[in-house]
Amino acid sequence: MAAQIILASTSAIRRQLLENAGVSFTALPPRVDEQAIKQALADEGATPRDVADTLAEYKARKVSDKNPGALVIGADQVLEIGGEILDKPRDAEEARAQLLRLRGRPHRLLSAAVIYRDGEPLWRTVGIVRLTMRDFSDEFLSDYMGRNGAGLTSSVGGYKLEEEGVRLFSRVEGDYFSVLGLPLVEILNYLTLQGEIDG
């Protein structure tokens with residue numbers, strides 16, 4: 001009998017990706033202090049990959065501890081540019097600053113997923129996508145921000161690739177689902193091989 005699948009996330013796009021793939025699951029908030037974890041990892045000199053993986057693991061473990069027998073998927077994503085991690089912008093001004101910093105330069109999105117059961121890790125992956133923003137004009141940036149308003153603060157970097165944000169880019173190398181914050185193909189392959197979803 002297949003286990004209950006839980007997504008330890010409040011992300012609407014992650015929920016939508018799993019729903020669209022026909023996976024039956026429950027979404028629960030992980031309730032972890034991401035900023036405190038990030039700060040502790042930064043103090044230890046952790047790599048961006050380790051930060052994404054650790055955050056995903058904390059989320060999966062927290063929900064797994066309270067849901068015995070369930071398969072719990074924890075996920076997190078970080079944006080890395082020049083060795084530094086950017087957080088979601090707090091307001092439009094910070095979103096503009098991030099977009100100006102990314103303009104004309106390459107950066108990476110690292111999307112980690114960890115699956116837990118009964119408080120133990122079973123599987124993990126980190127999808128890495130390399131993106132290059134085009135050298136857009138200040139006028140385009142102002143128009144873009146005017147059209148996208150509050151949505152600018154809902155994703156790191158101030159863009160949503162699945163929406164108009166795609167117009168900011170000259171090159172994207174990697175998995176589309178990882179850009180959206182969930183290495184979906186790898187997760188589905190694991191669940192299928194384990195007999196947890198039909199294959």
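Residues numbered from 1 in each chain as written. Predicted model: local features only at pLDDT ≥ 70, side-chain atom pairs only at ≥ 80, totals over all residues. Heavy atoms only, no water.

Caption draft 1: Representation of the pattern of salt bridges in the model. Applying the stated criterion across every chain yields a total of 14 salt bridges. Residues Arg-101 and Glu-84 are paired through a salt bridge, measuring 2.9 Å at the closest nitrogen-oxygen approach. Separated by 17 residues along the polypeptide, Arg-101 in helix α4 (residues 92-102) and Glu-84 in strand β4 (residues 84-86) bring together distant segments of the chain. In this structure Arg-101 comes out as partly exposed when scored by relative accessible area, which is 31%. Given the relative accessible area of 39%, Glu-84 is considered partly exposed. In this structure, Arg-171 engages Glu-173 in a salt bridge whose closest nitrogen and oxygen atoms are separated by 3.3 Å. Among the charged side chains, a salt-bridge network with shared partners connects Glu-34, Lys-59 and Asp-76. (Salt bridge = Lys/Arg side-chain N within 4 Å of Asp/Glu carboxyl O. Helix = DSSP H or I, 4+ residues; strand = E, 2+ residues; numbered from the N terminus. Buried < 20%, exposed > 50% of the residue type's maximum accessible area, 1.4 Å probe, protein only.)

Caption draft 2: Seen up close, the pairing of strand β1 (residues 5-8). The two faces of β1 match: Ile-5 and Leu-7 on one face and Ile-6 and Ala-8 on the other face are all buried. The pairing of β1 with strand β3 (residues 71-81) spans 4 bridges and is classified as parallel. Considered in β3, the bridge of Ile-5 is made with Leu-71. Pairing between β1 and strand β2 (residues 26-28): 3 bridges, direction parallel. Along β2, the bridge assignment pairs Leu-7 with Ala-27. Between β1 and its parallel partner β2, the chain crosses via helix α1 (residues 12-20), and the hand of that crossover is right-handed. (Pairing = 2+ DSSP bridges. Right-handed = clockwise from strand over helix to strand, strands pointing away.)

Caption draft 3: How the structure looks around the layout of surface pockets. Estimates place the volume of the largest pocket at around 810 Å³. Residue lining of the largest pocket: 34 residues in total, with Ser-11, Arg-14, Lys-88, Ser-154 and Ser-155 positioned closest to the centre. Elements with a contribution of two residues or more to the lining of the largest pocket: α1, α2 (34-43), β3 and β4. With 4 residues, β3 is the single largest residue contributor to the lining of the largest pocket. Of the residues that constitute the lining of the largest pocket, the class distribution is 15 nonpolar, 8 polar and 11 charged. (1 Å grid on protein atoms, 1.4 Å probe; cavity = no way out; pocket = protein on both sides within 12 Å on 5 of 7 lines; lining within 4 Å. Points joined across faces, edges and corners; volume = space filled by probe spheres on them. Nonpolar A, V, L, I, M, F, W, Y, C, P; charged D, E, K, R; others polar.)

Caption draft 4: Examining the nonpolar core more closely. In terms of nonpolar packing, the biggest core is built from 22 residues, with Leu-79, Met-133, Tyr-144, Tyr-159 and Leu-168 touching the most fellow members. Within the residue set of this core, elements represented by two or more residues are β3, α4, β6 (120-133) and α5 (138-148). Residue contributions to this core peak at 4 residues, all from α5. Excluding residues within four positions of it along the chain, Leu-168 makes contact with Leu-99, Met-133, Arg-134, Phe-136, Phe-140, Tyr-144 and Tyr-159. Grouped together as the second largest cluster of nonpolar side chains are 21 residues, Ala-75, Leu-184, Tyr-190 and Ile-197 included. (Core = buried A, V, L, I, M, F, W, Y, C linked by side-chain atoms within 4.5 Å. Contact = heavy atoms within 4.5 Å.)

Geometry only, nothing functional implied.
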